[in-house]
Amino acid sequence: MGRLKLQSGIKAIEEEPEDYGATYSNKVTLACVINSEAAAVLAVMRRNVRWGGRYMSGDDQLEHSLIQSLKTLRKQIFLWQHEWHTINPAVYLQPFLDVIRSDETGAQITGIALSSVHKILTLEVIDQNTANVEDAMRLVVDAVTSCRFEVTDPVSEEVVLMKILQVLLASMKSKASVMLSNQNVCTVVNTCFRIVHQAEKKGELLQRMARHTMHELVRCIFSHLSNVDNTEHALVNRTGTAKLELGGIDNDYAFGAKQAENGNGSEYDGQASSGSFASNGSAGLVAREESMMVAGNGKETVPNDLHLMRELYGVPCMVEIFHFLCSLLNAAEHVGMGPHSNTLAFDEDLPLFALGLINSAIELGGSSFRRHPRLLNLIQDELFRNLMQFGLSMSPLILSMVCSIVLNLYNHLRTELKLQLEAFFSCVILRLAQGKYGASYQQQEVAMEALVDFCRQKTFMVEMYANLDCDITCSNVFEDLANLLSKSAFPVNCPLSAMHILALDGLIAVIQGMAERIANGSVNSEHAPVSLEEYTPFWMVKCDNYSDPSYWVPFVRRRKYIKRRLMIGADHFNRDPKKGLEFLQGTHLLPDKLDPQSVACFFRYTAGLDKNLVGDFLGNHDEFCVQVLHEFAGTFDFQDMNLDTALRLFLETFRLPGESQKIQRVLEAFSERYYEQSPQILANKDAALLLSYSLIMLNTDQHNVQVKKKMTEEDFIRNNRHINGGNDLPREFLSELYHSICKNEIRTTPEQGYGYPEMNPSRWIDLMHKSRKTAPFIIADSRAYLDHDMFAIMSGPTIAAISVVFDHAEHEDVYQTCIDGFLAVAKISACHHLEDVLDDLVVSLCKFTTLLNPSSVEEPVLAFGDDTKARMATVTVFIIANKYGDYIRSGWRNILDCILRLHKLGLLPARVASDAADESELSTDPGHGKPVTSSLSSAHIQSIGTPRRSSGLMGRFSQLLSLDTEEPRSQPTEQQLAAHQRTLQTIQKCHVDSIFTESKFLQAESLLQLARALIWAAGRPQKGSSSPEDEDTAVFCLELLIAITLNNRDRIVLLWQGVYEHIANIVQSTVMPCALVEKAVFGLLRICQRLLPYKENLADELLRSLQLVLKLDARVADAYCEQITQEVSRLVKANATHIRSQMGWRTITSLLSITARHPEASEAGFDALLFIMSEGAHLLPANYVLCIDAARQFAESRVGQAERSVRALDLMSGSVDCLARWAHEAKEAMGEEDAAKTFQDIGDLWLRLVQGLRKVCLDQREEVRNHALLSLQKCLTGVDGIHISHGLWLQCFDLVIFTMLDDLLEIAQGHQKDYRNMEGTLILAMKLLSKVFLHLLHELSQLTTFCKLWLGVLSRMEKYMKVKVRGKKSEKLQELVLELLKNTLLVMKTKGVLMQRSALGGDSLWELTWLHVNNIAPSLQSEVFPDQDPEQSLLKHGETGGIVYGESVSGPSNETAASEGSGAGG
């Protein structure tokens, strides 16, 4: 099989000069090596007398052929001109191989020859391109595996055996090994195994070497698996056979197995002089010709199979080798391997060796096994069955190796081993790790280590959950493993051990896997809840695509839902079968009209059913129950199964009823199904029924202690004569059944409940049947598809387990492991929105901070500094609060308890709370420098008893150390300083303040809970005095509450109600000034200041809250009045434009009005009012009356100087312009009807204004009083722009002008000493009356009530004429009254208002006027009407005509008066 590639001549010539030197030296080197090896062999041979030199007479040759061939090789070797790869290796290997084969050579010579071959192989001269390499390699293998030599001493024999191993390994590792056939490779492995076996009686070194070589061979062969295409199929197809199976399994491996059992030596053990190591005919691994059969068709295909074994090596030899390795486990099993066998009596050597080889094969073959069905089949069935058996071995070494193999299988082939893995975890790991069933501590530990290794595989738990827990036919492996880890981590009444930590590692590995998956996306926290709308057969649920998560995720969640419901249904069924079935109908798992198949599947696939009840139901004679029974039997797969195995499986699922009729019905259904599927030997179903009965009876006979005389095999065979359709069943068949039942009882009362069953042969056969039909294995990727559901199952036990370990732990590395676990739990809870879990975690962690414990320690700060666990827990609590606060609910209370404790210990920075608010506070008015806090906090920060907070931690520390003040203060020790430093660093790491500064990013529900927790922590305020500590806590909580309120202005609606009620409680229950009420009031003002600009829709709410200030106890209000006013003033200045409603302004003006009479506060209050009212800047119809009222109160207040009262009056009178402006705007913008209504409203406001001024006109202070009169005059006369109705003017005269005149008159006559210079005031009042009357004369004269009004004016003048100020009449006043009256009469005459009319109906105005005027000044009539005789005019008024408008009045004085009147009118 040469691979010589001839190049074109030209190219060869061109290239020759370049590499000639290299090629030449290489050739010479190789020639020298081979020459020296031949010389070495010859040299050793010459030392032996036999070879030393002999003359053979009568023979052609003088020397022995072995020596001759070596000499010939030496002669030719330097003469070869060709390239080495063109020379047939057999030429230079054959002389050495002859020496190896020869049985005349001694061990020393054979050893040297083997060394030479080894050297040539390792030089890599021979590769797959060398000429005739195939033959050469096969020659080497044949020669070495049939090596013969004389044994002189044991040591040299061992040396030769070692060298044989070396050469075999070198030949397999050589590049040319690919040219070996399947047969050669099997021979190599077989030879190596025989040496392993023989080495047991020889030296330790050879044993180790042989085992090592066997391992290396297996590694070498199976590493080749990934490069092999599926040659098996190609060869099979070429030879036209369906599926190749080398038959004669028992015979093939007899050689290896017998050696293992009987300890027989090799062929030459008995010979003293000569030894041979030839294999007996063919290799032990290779099937003998006569036993080679093809499964299925029964035809002999010997030539094909021999041809297959002669092909270049690939899958066929690997199948043989792997099968051989599995058979070694079988052999070990027969030696006495059993789950409860004595460790000492059992040799663990062989199974360990076999398992090690199998592990190597799987490690290197990896997932390539999947491509070769025969190899995969060996793993699925034979290997796994053995692993299950050895998994329960008492030897920890074997268990450990088994677990390693299963881990490798999981990683490479899990998709093909779904049910095998389930069985392994249920029947091995869970059984052993629980320490039940007599497992030793070592076994437990190994099982737990293995489980933890599995947990460290990122997708292991997800895949267990998706494939097993969510499959109704499988057990809940994920749940069981998670529970096992949690329980195993719990130290119950014992100190913490390595096992607890190990289990914890497993738990945390699972949790951290989930936490890592969160970052990979697909965290769909809002899973749509699964529900079944209508009935679909639950056992038929299928997934359209098991590899696409968008299909399989909803599918497994639905399947899990069904499984859970079935379990609940089972629970109901066990209590009352009828109600159980009704429940399942209600959840759409069974149809509304029950059908036999659905009930049968419920019985078949639901775990946890009471098997007695199921048995009773199935055995019932009711027609429906009989149908269910037959459907139930139909769910079993008895294909190719022995009758006893089938019967065992059938009777495991329920308890066979005791009544014979029920047994009859049950066995009839079974027999029918069995005959339907496995009719091979049985003639009909009756035969199956009779034989089943017979087996039940045999079982009772053999295993019931009350039966003394047991049935023999002959009895059993005799009892079953002629049952097979009148014929006998084969004797061997019955004999096999008899022994099977005798050895292994059929349990007619199967185990109840959810225990972990032992794997037995019948269950294994069933498992293999099921594995063909089970749903495909779902491979999970690194996304968090099912973590929400999984975590919900395991979170509670996990938190409990980590907490208990953390509690018991004493080493920092264990603390750290627990903390990592806690943080992972927090991350998962937050990302999957499991708020309850996060709260539980926070509660659990807070206990470990030691901050919640009642402080029994003398010096808690130092104790905290020395307690690593407490510090780690504290930092973790705050990491969780800061990172995952969005999902904390009730946990905020515990976190706040910790914060308050730190606050009480003086460990928080002095201004945690105020800084929290300040950070987001920006001064909107640069003129004010530092914003609000400077005025709020600094004023009282010292008053709340926190010197220890602000004085810094080290200052407090020195106080703590001087416990006895009389002794000199001791210096803190280094340890104490260090503890203190640690405490400080811990608190810094906590970032307590960011919980509050970052609260604006919290989710709404969490924020609300944080606020409620603060209110709860602050406690309800007590009437009367509370302890300083309680008050300190309440102040601190309130600061924090205000901080988060300010930080969440966009969500104030959420918090407002709670904050307001809390502040209201404080305000209403405080009777003395204190820090708490101060903080509450100023906090409230601050909230309003900051939020008004942003929350116009809430402005009313916010401002209404300020009414709380009005409810303050008088003593409290008095203490803070000035500061409150300053804040209100600021509030107004900053937010006047944002206050729109009357209610809001009412609150503001009420607060300002109160300050009018407060010495300290009035200045700030007036300042605010000035800001609102000056030039009508912020006057609105909504606040007009309120502001006028407030200004009036300032005008009346005697607290400030009179000057301020005057300014207040100016504000009032100036507001008329505002009314005029509004009227003008209304006229421009509105229709007539709307405008009229607005004018009416404005008129009402004006009336309120003049009424307010009227009150100030009575002020005791002359300056204020007189200014008020002038202001009133201005407001009454300067109203042309305001459309005031006549009715309103009449009201004004009645309510304002006349009332004021009367009141002033009363005061003047009352001789009150407080009122100075009333005369001047009365003069001003009289002038006001005259001016206003004349100003309005034209309009008022049209009114029907004018006469009444005019008489009112006259009567006031009359009274003022006669008034006595301080007991004497005032001349000035009398003169003024006369002048004003005269002037008024003249104007009335000029305007034609006062004239003598016709007598028709009488002229009351004229008559009444003169009646009154004559009382005041009788001479006036003649002065005003000189051309009329008074008497005449009174008597003959009916005869004369009235005065004509426009008629001039003679006399200079009259003209003057008239002109004055008209001036006043204008």
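Since the model is a prediction, treat every value here as computed from it, not as a measurement.

Looking at the overall build of the chain
In terms of regular secondary structure, the chain is built from 65 helices and 6 strands. Of all 1466 residues assigned to the chain, the portion counted as buried reaches 53%. Within the chain, contacts between residues separated by at least 24 positions form 77% of all contacts whose residues are at least 6 apart in sequence. Carbon and sulfur atoms make up 50% of the accessible area of the chain, which amounts to about 64000 Å² in all.

Concerning the packing of aromatic side chains
This structure, assessed with the given rule, holds 46 aromatic pairs. The interplanar angle of 85° and the centroid separation of 5.1 Å between the aromatic rings of F193 and F324 together place this pair among those described as edge-to-face. One end of the pair, F193, is in helix α7 (residues 182-199); the other, F324, is in helix α13 (residues 315-336), with 131 residues separating them in the sequence. A relative accessible area of 3% means that F193 is categorised as buried. Among the aromatic residues, ring-to-ring pairing joins F632, F636, F638, F650, F654, F670 and Y674 into one connected group. One Lys or Arg, R211, reaches over the ring of F353 and ends 4.7 Å from the middle of that ring. Note that R414 overlies the ring of Y410, its terminal NZ or CZ placed 4.7 Å from the centroid.

A short note on the packing of helix α53 (residues 1162-1173) against helix α55 (residues 1202-1229)
Helix-helix packing is characterised by the crossing angle of the two axes and by the distance between the axes. In the contact formed by α53 and α55, the axes pass within 11 Å of each other and the chain directions differ by 20°. Between α53 and α55, the angle falls in the class roughly parallel. In this structure, α53 crosses over α55, and the sense of that crossing is left-handed. Here S1162, E1163, F1166, L1170 and M1173 of α53 lie close against α55, whose contacting residues are R1204, R1207, A1208, L1211 and M1212. Looking at the contact of α53 with α55 residue by residue, the class counts come to 6 nonpolar, 1 polar and 3 charged.

Some remarks on helix α33 (residues 787-808)
Under the 1.5 Å per step criterion, the end-to-end length of α33 is 29 Å for 22 residues, consistent within 8% with the ideal 32 Å. Where α33 bends most, at M794, the angle is about 50°, and the proline P797 comes one to four residues later.

A look at the packing of helix α27 (residues 643-652) against helix α32 (residues 761-773)
Closest axis-to-axis distance for the α27/α32 pair is 9 Å, and the angle between their directions is 85°. Accordingly, the angle class assigned to the pair α27 and α32 is roughly perpendicular. Here T645, R648, L649 and E652 of α27 come into contact with α32, specifically with S762, R763, I765 and D766. Classifying every residue of the contact of α27 with α32 gives 2 nonpolar, 2 polar and 4 charged.

Quick word on the side chain of D1259
Here D1259 shows up in the loop between α56 (1232-1256) and α57 (1262-1277). By relative accessible area, which is 10% here, D1259 ends up buried. Within the local environment of D1259, its side chain forms a polar contact with the backbone nitrogen of R1261, the two atoms lying 2.8 Å apart. If we ignore the near neighbours within four places in the chain, the residues touching D1259 are A1195, E1196, V1264, R1265 and Y1315.

Quick word on the nonpolar core
F322, F603, W1246 and I1297 are the most contacted members of the largest nonpolar core, which totals 464 residues. Residues within four places of W1246 in sequence aside, it is in contact with L1219, C1275, L1276, V1279, I1282, I1284, L1288, W1289 and C1292.

Quick look at the environment of Y887
With respect to the helices, strands and loops of the structure, Y887 is situated in the loop between α37 (868-884) and α38 (891-904). Each C-alpha atom, one on Y887 and one on E835, is 5.2 Å from the other, the two residues being 52 residues apart in sequence. Ignoring any residue separated from it by four or fewer positions in sequence, one finds Y887 in contact with A830, H833, E835, L838 and Q1003.

Notes on the pattern of salt bridges
Taken as a whole, this structure holds 46 salt bridges when the rule is applied. Measuring nitrogen to oxygen at the nearest pair gives 2.6 Å for the salt bridge that ties R718 to D715. Taken together, the residues span about one helical turn, with R718 and D715 both in helix α30 (residues 713-719) at a distance of 3 residues. Relative accessible area serves as the criterion here: at 42%, R718 is assigned to the partly exposed category. A cluster of three or more residues bridged by salt bridges with shared partners is formed by R1157, D1189, R1192 and E1196.

Comments concerning helix α54 (residues 1184-1196)
In this model α54 runs 18 Å from its N-terminal to its C-terminal C-alpha over 13 residues, within 8% of the 18 Å that 1.5 Å per residue would give. Burial in α54 covers these residues: Y1184, L1186, C1187, I1188, A1190, A1191, R1192, Q1193, F1194 and A1195. Against α52 (1142-1155), α53, α55, α56 and α57 lie the buried residues of α54.

Re unusual backbone geometry
Here the phi dihedral of N493 falls at roughly 50°; this positive angle occurs in a residue that is not glycine. For N493, the location among the structural elements is in the loop between α20 (477-489) and α21 (498-518). A residue is classified by how much of its surface remains accessible, and N493, at 81% relative accessible area, is exposed. For H991, which is not glycine, the phi dihedral falls at a positive 50°. Residue placement: H991 occurs in the loop between α43 (974-990) and α44 (992-997).

Focus: the confidence of the model for the chain
Of all residues in the chain, 83% have pLDDT values of 70 or greater, and the mean over the chain is 82. Across residues 1-21, confidence stays below pLDDT 50; counting only partners more than four residues off in sequence or on other chains, it has 18 contacts. Counted against residues more than four places away or in other chains, residues 919-967, with its pLDDT under 50, gives 77 contacts.

Here's the deal with the side chain of S1162
The residue S1162 is located in helix α53 in this model. Here S1162 falls in the buried class, since its relative accessible area comes to 2%. A distance of 3.0 Å separates polar atoms of two side chains, one belonging to S1162 and the other to R1204. Setting aside residues up to four positions removed in sequence, S1162 forms contacts with T1155, A1156, F1194, V1199 and R1204.

Concerning the environment of S1105
For S1105, the position within the fold is in helix α49 (residues 1099-1105). The spatial distance from the C-alpha of S1105 to the C-alpha of Y1060 is 7.0 Å, given a sequence separation of 45 residues. Ignoring any residue separated from it by four or fewer positions in sequence, one finds S1105 in contact with W1056, Y1060, L1084 and C1088. At 2.3 Å, the side chain of S1105 and the backbone oxygen of L1102 are in polar contact.

Criteria and thresholds
Residues numbered from 1 in each chain as written. Predicted model: local features only at pLDDT ≥ 70, side-chain atom pairs only at ≥ 80, totals over all residues. Heavy atoms only, no water. Helix = DSSP H or I, 4+ residues; strand = E, 2+ residues; numbered from the N terminus. Buried < 20%, exposed > 50% of the residue type's maximum accessible area, 1.4 Å probe, protein only. Contact = heavy atoms within 4.5 Å. Areas by Shrake-Rupley, 256 points an atom, 1.4 Å probe, with all protein chains shown as cover. Phe/Tyr/Trp six-rings, centres within 6.5 Å; stacked < 30°, edge-to-face > 60°. Lys NZ or Arg CZ within 6 Å of the ring centre and 35° of its normal. Axes fitted to C-alpha atoms, helices over the stretch in contact; angles between N-to-C directions. Parallel < 35°, antiparallel > 145°, perpendicular 65-115°, else oblique. Left-handed = near helix turned anticlockwise from the far one by under 90°. Nonpolar A, V, L, I, M, F, W, Y, C, P; charged D, E, K, R; others polar. Expected span 1.5 Å × (residues − 1). Bend = angle between axes of the 7 residues up to and from the residue. Polar contact = N/O pair within 3.5 Å; in protein donor to acceptor, adjacent residues only side chain to side chain. Core = buried A, V, L, I, M, F, W, Y, C linked by side-chain atoms within 4.5 Å. Salt bridge = Lys/Arg side-chain N within 4 Å of Asp/Glu carboxyl O. pLDDT = per-residue confidence, 0-100.

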